[in-house]
Amino acid sequence: MRFQLIGVNHKSAPLEVRERLAIPESRLPDTCRDLTAYPGIEEGMVISTCNRVEIVAHTTNGHADLRGFLHDYFHLTAAELDAHLYEFREKDAVRHLFRVASSLDSMVVGEAQILGQVKEAYATARAVGAVRGQLDQLFSRAFAVAKRVRSETAVGSSSVSIASVAVELAKKIFGTLEGKTVFIVGAGKMSELAARHLMAHGCASIFVANRTYDRAIGLAQKFNGQAIKFEDLYNTCDRADIVITSTGAPHAIFRREHGEQFLSRRKNRPMFFIDIAVPRDVSPEMGKLDGIFTYDIDDLQQAVSSHVADRRKEAELAEAIITSEVERFEARLHTLDVVPTIVSLQDHLETIRQAEIDRVRGRMGHLTPEQEMAVEALTRGIINKVMHTPITTLKTAAKESEATTVVDVVRRLFNLHDKEATPPEKKSEVETRQ
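These figures come from a predicted structure and were not determined experimentally.

1. Points about the pattern of salt bridges
Within the structure shown, the criterion is met by 37 salt bridges. Ionic pairing is found between Asp-105 and Lys-11, a salt bridge with its closest N-O pair at 2.6 Å. Of this pair, Asp-105 sits in the loop between α5 (90-101) and α6 (113-127) while Lys-11 sits in the loop between β1 (3-9) and α1 (15-21); the two residues are 94 residues apart in sequence, bridging distant segments of the chain. The salt bridge involving Arg-280 is made with Glu-16; its shortest N-O contact spans 3.8 Å. You can see Arg-280 sitting in the loop between β9 (271-275) and β10 (292-295) and its partner Glu-16 sitting in helix α1, a full 264 residues away along the chain.

Here it is, written out as structure tokens:
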């Protein structure tokens, strides 16, 4: 295994750091290309969400300077970044990725959104050729593990979520949500989920603004709401009691002066901003105004933490599943490492068998179909017995640290020359026999 993973998340880095590392969806393909062009990286992909930015790589020799890539790509010094980074290799990287996909490393343990976000990141990297072989296997297994955790534990059954916490906070501010108006800025999935939760608790109407107006129309129709052109945002936002914003803009779109204008038009009636964007859409200065209540993604995390104690037992069950799946994945990779040698041995001995039959065929004279079958069965039986011990030894060694040594010995004993990568049909054939 030559996997490496490096990144920051909501536990290792404050929002001020994470928003400097956030990569917009539109830039992800180019970032993946840049990553795989970096020295020592064969395959690579990037996971960028509001709570984490992580780089996953399959390296040439087990070590690539992923910290150097982050420093260069984001123009950050080691002093600015390194204290917030975590880094995993090989089995530890596999474990971390399985935990991320299974939502055990999320701000809200068990939330369903992270798996979809990882799948989208994988699809983007695969589409540009940054994920091909080893990472393809790793992520395919991660998705299967996440599905198993979801089906075999109740870790995702609790209703606690960013959306439910947002409702609780809004109720504390307004007393009741009956008749309140919601304004969604940015037509992303998280915004939609929060809005759906708020509407289900009594909010009366909804506005949607997005830079792509057609997307605003599509989301507004889901709630029987009204789409607003983005250029009209500041002229209409004061109609809302609750604003959910997540635009992906590089800088805050709501600043103190906007809050002052909104309060003036609303005659100082309060407004509640749920800012789930990274980088933040709402300037911290705006929250200092009397009558403006702002909560960013880290504020919501603190509110969530008091609700998740009931998930700990289920999370322990999920961790046990992940531990067993990491061992299975490692064993399977080791087994695949010996497949080319097994295929070479089979081909080598089959070539000898055919050559020997052809050499003596003239001396055997005409053979009946039954005799031909008997010769085939006899010679194949001999070859299978010869192959049994080395193949069994290779498969056993694949589960241990001595695999490389055993592979080398077998190749020397049978004079097996290095060949090109094993064809997929051969590899599947050997895996089936195993």
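Having seen the model, we can carry on.
2. Considerations on the sheet that holds β1
Sheet architecture is open: four strands sit in the order β2-β3-β1-β4, paired in antiparallel fashion. The sheet is open, and its two borders are formed by β2 (41-48) and β4 (86-89), each paired with just one other strand. Averaged over all adjacent pairs, the angle separating strand axes in this sheet is 15°, with direction ignored. Relative to β4, β1 runs antiparallel, the two being bridged by four bridges. If you follow Gly-7 over to β4, its bridge partner there is Tyr-86.

3. Here's the deal with the nonpolar core
Among the nonpolar cores identified, the biggest contains 39 residues, and Phe-3, Met-45, Phe-98, Leu-138 and Phe-139 are the most heavily contacted of them. Within the residue set of this core, elements represented by two or more residues are β1, β2, α5, α6, α7 (134-152) and α14 (312-364). No other element matches α7, which puts eight residues into this core. If we ignore the near neighbours within four places in the chain, the residues touching Phe-98 are Leu-138, Arg-141, Ala-142, Val-145, Ile-322, Glu-325, Val-326 and Phe-329. Within the second largest apolar cluster, 38 residues are counted, among which are Ala-166, Ala-170, Ile-184 and Val-208.

4. Structural notes on the sheet that holds strand β6 (residues 205-210)
As summarised here, the arrangement of the six strands in space is β7-β6-β5-β8-β9-β10, forming an open sheet in which the pairing is parallel. On the outer flanks of this sheet lie β7 (226-229) and β10, each paired with one strand and no other. Ignoring strand direction, the axes of neighbouring strands in this sheet form an average angle of 20°. Looking at chain direction, strand β5 (residues 181-185) and β6 are connected through five bridges and run parallel. Looking at β6, one finds that Phe-183 is bridged to Phe-207. Where helix α9 (residues 189-200) meets the sheet, its contacts fall on β5, β6, β8 (242-245) and β9, and the angle it forms with β8 comes to roughly 160°.

5. Focus on the layout of surface pockets
What the largest pocket holds in volume is close to 1,400 Å³. Residue lining of the largest pocket: 44 residues in total, with Glu-25, Gly-188, Ser-246, Thr-247 and Gly-248 positioned closest to the centre. Breaking the lining of the largest pocket down by element, the ones donating at least two residues are α1, β2, α3 (66-74), α6, α9 and β6. Ranked by the residues each element gives to the lining of the largest pocket, the list is headed by α6, at six residues.

6. Comments concerning the pairing of β5
Along β5, five of the five residues are buried, which leaves the element largely enclosed by surrounding structure. Side chains Thr-181, Phe-183 and Val-185 project from β5 onto one buried face, and the interleaved Val-182 and Ile-184 project onto a second face that is buried too. Once you follow β5 into α9 and on to β6, the crossover reads as right-handed. Examined bridge by bridge, β5 and β8 share four bridges and lie parallel to one another. Bridge pairing in β8 links Val-182 to Ile-242.

7. Let's talk about α7
Compared with the 27 Å implied by 1.5 Å per residue over 19 residues, the 27 Å span of α7 between its first and last C-alpha is a close match. Every buried residue of α7 is accounted for by Leu-135, Asp-136, Leu-138, Phe-139, Ala-142, Phe-143, Val-145, Ala-146 and Val-149.

8. Points about helix α8 (residues 162-174)
An α-helix turns once every 3.6 residues. As a result, residues three or four positions apart point the same way. Given a rise of 1.5 Å per residue, 13 residues ought to cover 18 Å, and the 18 Å separating the end C-alpha atoms of α8 matches this to within 8%. Turning to α8, its buried residues are Ile-162, Ala-163, Ser-164, Val-165, Ala-166, Val-167, Leu-169, Ala-170 and Phe-174. At the C-terminal side of α8, Gly-175 shows a positive phi close to 85°.

Each value, and the rule that gives it
Residues numbered from 1 in each chain as written. Predicted model: local features only at pLDDT ≥ 70, side-chain atom pairs only at ≥ 80, totals over all residues. Heavy atoms only, no water. Salt bridge = Lys/Arg side-chain N within 4 Å of Asp/Glu carboxyl O. Helix = DSSP H or I, 4+ residues; strand = E, 2+ residues; numbered from the N terminus. Pairing = 2+ DSSP bridges. Axes fitted to C-alpha atoms, helices over the stretch in contact; angles between N-to-C directions. Core = buried A, V, L, I, M, F, W, Y, C linked by side-chain atoms within 4.5 Å. Buried < 20%, exposed > 50% of the residue type's maximum accessible area, 1.4 Å probe, protein only. Contact = heavy atoms within 4.5 Å. 1 Å grid on protein atoms, 1.4 Å probe; cavity = no way out; pocket = protein on both sides within 12 Å on 5 of 7 lines; lining within 4 Å. Points joined across faces, edges and corners; volume = space filled by probe spheres on them. Right-handed = clockwise from strand over helix to strand, strands pointing away. Expected span 1.5 Å × (residues − 1).

Everything listed here is a matter of coordinates, which is why it stays silent on function.
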